[in-house]
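Each chain, letter by letter, is given below.
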Amino acid sequence: GSNTINMSLPAESVKLWWPRGHGAQHMYSVACTYIPAGHPELSVSSSRRVGFRLAALVTVNDSDPAVVREANTQEGNSDETLMFRINGVPVAVRGANAIPMEALEGRYVKGMHRTLVKSAADSNMNMLRVWGGGIYPFDEFLDACDEFGVMVFQDMMYMTVSIMPGASRTPSQEAELRHQVRRM
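The structure displayed is predicted, hence computed values, not measured ones.

A. Fine view of the overall build of the protein chain. The helix and strand inventory of the protein chain stands at four helices and eight strands. When its helices and strands are written in sequence order, the protein chain yields β-β-β-α-β-β-β-α-β-α-β-α. When contacts within the protein chain are restricted to residue pairs at least 6 apart in sequence, those whose partners lie at least 24 apart make up 60%. When the accessible surface of the protein chain is split by element, carbon and sulfur atoms take 55% of a total near 13200 Å².

Next comes the structure, spelled out in structure tokens:
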């Protein structure tokens, strides 16, 4: 079976993470250990670095309160705009597509994703779009993006379902996507 534990922690004086060119990339270390009562040998620990930010993909004229109220009740977009707002600030995106660097995952070498992201940041990019027809990005890639202030626009796998006759969603696909979204 599966169990879910939710908890809230006070986060006073948290400094926000900003994309390259807009501020510092503040990151925080978070660690958690679960020890089942009476079974300390089954304990599980996890740790990761996290950055706090508020991100919005804006597709309407969000300077008009009436438009915002109406958009909150609908799906889709308008012909007004397509922009990112990070921590309430409009961000001009400068970036590139990221496709798999190798066809065979076994040929990846530690450090190559970090080098790619650092190169993008050194070129003054603040976003990389990860193509959904390849592979999910490695943690090294995502960690480097956090460190160097590079946002990730992640295409989701299975985006070709609508052009493949007879293709349909499956429970395993949904589970995979949920896992990847949480991981990223």
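B. Structural detail: the packing of helix α2 (residues 112-122) against helix α3 (residues 139-148). Packing of α2 against α3 brings their axes to within 8 Å, and their N-to-C directions diverge by 30°. For the element pair α2 / α3, the angle class is roughly parallel. The way α2 lies across α3 gives a crossing that is right-handed. In contact with M112, H113, R114, L116, V117, K118 and A121 of α2, α3 contributes E140, F141, A144, C145, E147 and F148.

C. Main features of the sheet that holds strand β5 (residues 89-91). On the basis of which strands lie adjacent, the open sheet formed by three strands has the order β3-β4-β5 and antiparallel pairing. A strand with exactly one partner marks an edge of an open sheet, and here the two such strands are β3 (55-58) and β5. Here the strands of the sheet are splayed against their neighbours by 35° on average, with no regard to which way each runs. Pairing between β3 and strand β4 (residues 83-86): four bridges, direction antiparallel.

D. Looking closely at the nonpolar core. Judged by nonpolar contacts, A98, V117, A120, A121, L128, V130, F141, L142, A144, C145, F148 and V150 together constitute the single largest core of twelve residues. Of all the elements in the fold, those that place two or more residues in this core are α2, β7 (127-130) and α3. In terms of residue count, α3 provides more of this core than any other element does, five residues in total. Formed by seven residues, the second largest nonpolar core is a distinct cluster that contains M27, I86, V91 and M151.

E. Structural context of the sheet that holds β7. Strand order in the open sheet made by the three strands is β6-β7-β8, with parallel pairing throughout. The outermost strands of the open sheet, each flanked by one partner alone, are β6 (95-98) and β8 (151-154). Recorded for the sheet is a direction-independent mean angle of 25° between the axes of neighbouring strands.

F. Region of the structure containing the pattern of salt bridges. For the structure on display, the rule yields seven salt bridges. As a salt-bridge pair, R114 and E147 come within 2.6 Å of each other at their nearest N and O atoms. With R114 in helix α2 and E147 in helix α3, this residue pair connects regions lying 33 residues apart in the sequence. Classification of R114 by relative accessible area gives partly exposed; the value is 34%. A residue is classified by how much of its surface remains accessible, and E147, at 37% relative accessible area, is partly exposed.

G. Representation of α2 within the structure. Those residues of α2 lying buried are H113, V117, A120 and A121. Looking straight down α2, one finds its buried side chains confined to an arc of 100°; they lie on one side. Projecting away from the buried face of α2 at angles above 90 degrees are the exposed residues T115 and D122. Among the structural elements, β7 and α3 are those in contact with the buried residues of α2. A positive phi of about 70° marks N124, the residue just after α2.

Cut-offs applied
- Residues numbered from 1 in each chain as written.
- Predicted model: local features only at pLDDT ≥ 70, side-chain atom pairs only at ≥ 80, totals over all residues.
- Heavy atoms only, no water.
- Helix = DSSP H or I, 4+ residues; strand = E, 2+ residues; numbered from the N terminus.
- Contact = heavy atoms within 4.5 Å.
- Areas by Shrake-Rupley, 256 points an atom, 1.4 Å probe, with all protein chains shown as cover.
- Axes fitted to C-alpha atoms, helices over the stretch in contact; angles between N-to-C directions.
- Parallel < 35°, antiparallel > 145°, perpendicular 65-115°, else oblique.
- Left-handed = near helix turned anticlockwise from the far one by under 90°.
- Pairing = 2+ DSSP bridges.
- Core = buried A, V, L, I, M, F, W, Y, C linked by side-chain atoms within 4.5 Å.
- Buried < 20%, exposed > 50% of the residue type's maximum accessible area, 1.4 Å probe, protein only.
- Salt bridge = Lys/Arg side-chain N within 4 Å of Asp/Glu carboxyl O.
- Arc of directions from axis to C-beta.

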